[in-house]
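Here is how the chains run, residue by residue.
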Amino acid sequence: MKSRRKKNHVLLAVRLAVVLAVPVAILVPLGAAPARADAPVSQGFYDAQSSFYQAGITASDINNDGKDELLVGNQNGCLYCFNANAGLLWVYATGSPIQGTPACADVDGDGTREVWVGDMAGRMWGFDCRGRPLTQWGWPRQTISTGGISGIYSSPAVGDINGDNAVEIVVGTYGQRVYAWTYTGQMLPGWPFNNEDTVWSSPALADIDWDGVKEVVIGADSTGGPNWPYTPGGLLYVLDEDASVLPGFPKVTPEVTWSSPAVADIDGDGRYEIIVGTGHYYTAIGKLTTESHRVYAYNHDGSPVPGWPAAVAGSTFSSPSLGDVDGDGTREVVIGTIPVNGQGADSVTVIEPNGVVARQIGKLGGPTMGSAALGDVSSDGVVDIILGSGQRFRAWDGSGTPLWTLEMNNFVVSSPVVGDFDGDDSVEVAVATGDAPGGAFAGGGFYVYDCGPKAPAPGSQADSPLGWHMFRQTPDHHATILTGGEPPPPPPRLARTWYLAEGSTGPGIQTWVLVQNPNRMAVSVTLSFMTDRGLTGGPPSCSRRARARRSTCPTSSGATGESRRRSRRTGPW
C-alpha cells in the first residue's frame, strides 16, 4: 500500500522531532534504582556519517576464523561488515537503503557463510563472506512492485522448508508477497505467496505441524474489502512448503502485524507456540485506540494460548525476544512498546509464559522500537535485557533494575546484539544509531562495548547466559527455540538437481560428465552452467535409457571461463 508506507515514515519522523523538543531531564527515570553494574567500556567505534535507522545487527563467524563478524545495513544503502573492534572489514553499496537485518548461513557447504539481505528497492541480495555479490547464482533478485512499492523491510530467514536437504531463502516484501528461493535463486513451486497487502514482518522457520519439515511463520497486513476474505487489520500465517496455508491459520487481529514472530514451547506441552506483537497503522490514522497494545500467543493449531493476548503499555511494533531473564527456569517474553497518536507509552515489558505481565519498565524517552537482546552483561550468569530507547542505550536485570545507561547523542532505533564476538571470554555488546529519514539528527555510528567477563549460568536457569542474543536469535533467523523433542526429518527426497565441482570450459579443454541411469525407465537430462554472469545454457537435453550410462562433453554450449555445472533430471532416478 503506497499511502501506508508514506504515512508511517511521516509519523515516525514527526514523533522523533517531538521527543527532541522535550527537555532532556525528563528522560531520566524518576526514582529509578541506581545502576549496579559497571558501565561497559568502549571497544570500538565507526562513524558511518549516515543513519542506521531501524537496523538490526547480526553476529556470525562468516569467514570461519573463529571470531564473529558484525553485519548491519544503513540508510546510505551500504551493507557493512565489522570485526569485534568496530573495524571495517568490507562494505558493499547496494544503491538503496537497507532496514532489514542480514541473515547468515553456509548454504553450499564450503565452510564459510553467505549473507542475505534485502533493500528498499525490492532487491534480495546474496553475498559471499568477503562481501562479493553471488552473481553466479543470479543474485540480487528483483521482487514484484505493487502500486509502485517493492521495498524489503523484512529480514530474511535461511533454512530447509521443503525437506530436500538444501536451504531456501525466505522473506516478505512491501510488494505484497512472501518469497522462497533456493539458494541458487530459483523460486520454489507455489511461491511467491500473494498476501494482497504489504508484508513488514520477518519470517520464522519452525516445524509447526510436527511433520519433520519447517514451515514459514510470518505476519502481514490486511486491507479488507469485498474481494479479500479477512477484515482490515493484521494476519499471522503459517505457510507450508508449497505456500499453502496450514489449517487454523491465518490468525486475524484488529491491527496490522509488523512485529516478527518468535517460536518456542512456552507452556511446557512439548509443542511450539507462536508469539508476536502488532503494529500501528490503523492506530496512527485514528481508526483504533488501544487494540495495538497486545502481544499474542498461539498454539500450533492456531488456537490462543490460555491467558493470552497480554495487554501492554503501548503499541508492539517491536518483535518479541524469549529468555529466562529472572532465572526461575522458565522463559519470559520481552518486548518494547511505543505510544502512537496519543495512545500508550514507551516501555520494555516482561511477560510470563501464562500471559501475565511481570513488569513494565517505563519513562524511557522513546521511541522503543527495536527488539531486545538478551544476555548476561553483569557477569552474574543470568540473562539481562539490553535495548535502546530515545538517545540512550540501556541494560536492566530481569527484575527491571537498571544496570547501566549510555548516552549516545543520536537515536537508538535499532536492535543490538550481545556475545563474545572475539573469543576473549569477555562479553561484548554492539549497537548502531541514527535518526529517521528526514530527521533532525544527521549521521549515525556503530559501537562495540566490553561488558566484562563471562559467567556460567546457575543450574536453575532455562537458557545459557547468551540466549536470545540478537534479533531473530540466530544468524540464520529461524527465531525458534527447539524443544529437543522435534520429530526427525522425513526420508531424503530423490534429488532433481546436482551441482558438480568446478571445472573449465575454456578453449582447448574438454570436460566430460558421466551420467548413469540405473532405473527401469528412461530419463531426460539437462546440463547447464553457472558462470560469473549467472545461469547460462548448456548442450541440448538428452535422454538416458533405462539401466544405461553415457558420457557427455558439454563444451559445445559456448560457455567460457570457470563454471559450475548443474545436472538436472526429469523423471525418477
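The preceding data block contains the structure.
These notes cover the structure that comes with them. (Residues numbered from 1 in each chain as written. Predicted model: local features only at pLDDT ≥ 70, side-chain atom pairs only at ≥ 80, totals over all residues. Heavy atoms only, no water.)

## Notes on the layout of surface pockets
So, step 1. The computed volume of the second largest pocket comes to approximately 460 Å³.
So, step 2. Mapped by element, the contributors of at least two residues to the lining of the second largest pocket are β10 (157-159) and β14 (204-206).
So, step 3. Of the residues that constitute the lining of the second largest pocket, the class distribution is 14 nonpolar, six polar and five charged. (1 Å grid on protein atoms, 1.4 Å probe; cavity = no way out; pocket = protein on both sides within 12 Å on 5 of 7 lines; lining within 4 Å. Points joined across faces, edges and corners; volume = space filled by probe spheres on them. Helix = DSSP H or I, 4+ residues; strand = E, 2+ residues; numbered from the N terminus. Nonpolar A, V, L, I, M, F, W, Y, C, P; charged D, E, K, R; others polar.)

## Topic: the pairing of strand β31 (residues 426-432)
So, step 1. The buried fraction of β31 is high, at seven of seven residues.
So, step 2. A two-sided burial pattern is seen for β31, the buried positions comprising Ser426, Glu428, Ala430 and Ala432 on one face and Val427, Val429 and Val431 on the other.
So, step 3. Looking at chain direction, strand β30 (residues 417-419) and β31 are connected through three bridges and run antiparallel. Paired with Gly419 across the bridge in β31 is Glu428.
So, step 4. Between the antiparallel neighbours β30 and β31 lie six residues, among them Gly423 with a positive phi of about 70°.
So, step 5. As defined by bridge partners, β31 adjoins strand β32 (residues 445-453) across seven bridges and the pair is classed as antiparallel. Across the sheet, Ala432 pairs through a bridge with Phe446, a residue of β32. (Buried < 20%, exposed > 50% of the residue type's maximum accessible area, 1.4 Å probe, protein only. Pairing = 2+ DSSP bridges.)

## Let's talk about the pattern of salt bridges
So, step 1. Counting across every chain of the model gives five salt bridges.
So, step 2. In this structure, Asp119 engages Arg123 in a salt bridge whose closest nitrogen and oxygen atoms are separated by 2.9 Å.
So, step 3. For Asp119, a relative accessible area of 0% corresponds to the buried category.
So, step 4. Among the ionic pairs, Lys454 bridges to Asp420, the shortest N-O distance being 3.4 Å. Note that Lys454 is positioned in the loop between β32 and β33 (497-499) and Asp420 in the loop between β30 and β31, a separation of 34 residues in sequence.
So, step 5. Taking relative accessible area as the criterion, Lys454 reaches 41% and is therefore assigned partly exposed. (Salt bridge = Lys/Arg side-chain N within 4 Å of Asp/Glu carboxyl O.)

## Topic: the sheet that holds strand β3 (residues 69-73)
Think of a sheet as strands paired side by side through backbone hydrogen bonds, with each pair either parallel or antiparallel.
So, step 1. The strand order across the open sheet formed by four strands is β2-β3-β4-β5, and the pairing between neighbours is antiparallel. The open sheet has two edge strands, β2 (58-60) and β5 (88-93), and neither has a second partner. The mean angle between the axes of side-by-side strands here comes to 20°, regardless of whether they run parallel or antiparallel.
So, step 2. As defined by bridge partners, β2 adjoins β3 across three bridges and the pair is classed as antiparallel. Looking across to β3, one finds that Ala59 is bridged to Leu70. (Axes fitted to C-alpha atoms, helices over the stretch in contact; angles between N-to-C directions.)

## What about the side chain of Thr283?
So, step 1. By the secondary structure assignment, Thr283 is in helix α2 (residues 281-284).
So, step 2. According to the relative accessible area criterion, Thr283 is buried, its value standing at 0%.
So, step 3. Discounting chain neighbours no more than four positions away, the residues touching Thr283 are Glu255, Leu288, Thr289, Ser292, Val340 and Asn341. (Contact = heavy atoms within 4.5 Å.)

## Observations regarding the nonpolar core
So, step 1. By size, the foremost hydrophobic cluster in this structure holds 43 residues, and its most contacted members are Ile208, Trp308 and Ile385.
So, step 2. The leading source of residues in this core is strand β20 (residues 294-299), at four residues.
So, step 3. With sequence-adjacent residues up to four places away left out, Ile385 is seen in contact with Val325, Val334, Val348, Val350, Ala372, Ala373, Leu374, Arg394, Ala395, Trp396 and Asp397.
So, step 4. Judged by nonpolar contacts, the second largest core, of 19 residues, contains Ala48, Ala59, Phe421 and Ala430. (Core = buried A, V, L, I, M, F, W, Y, C linked by side-chain atoms within 4.5 Å.)

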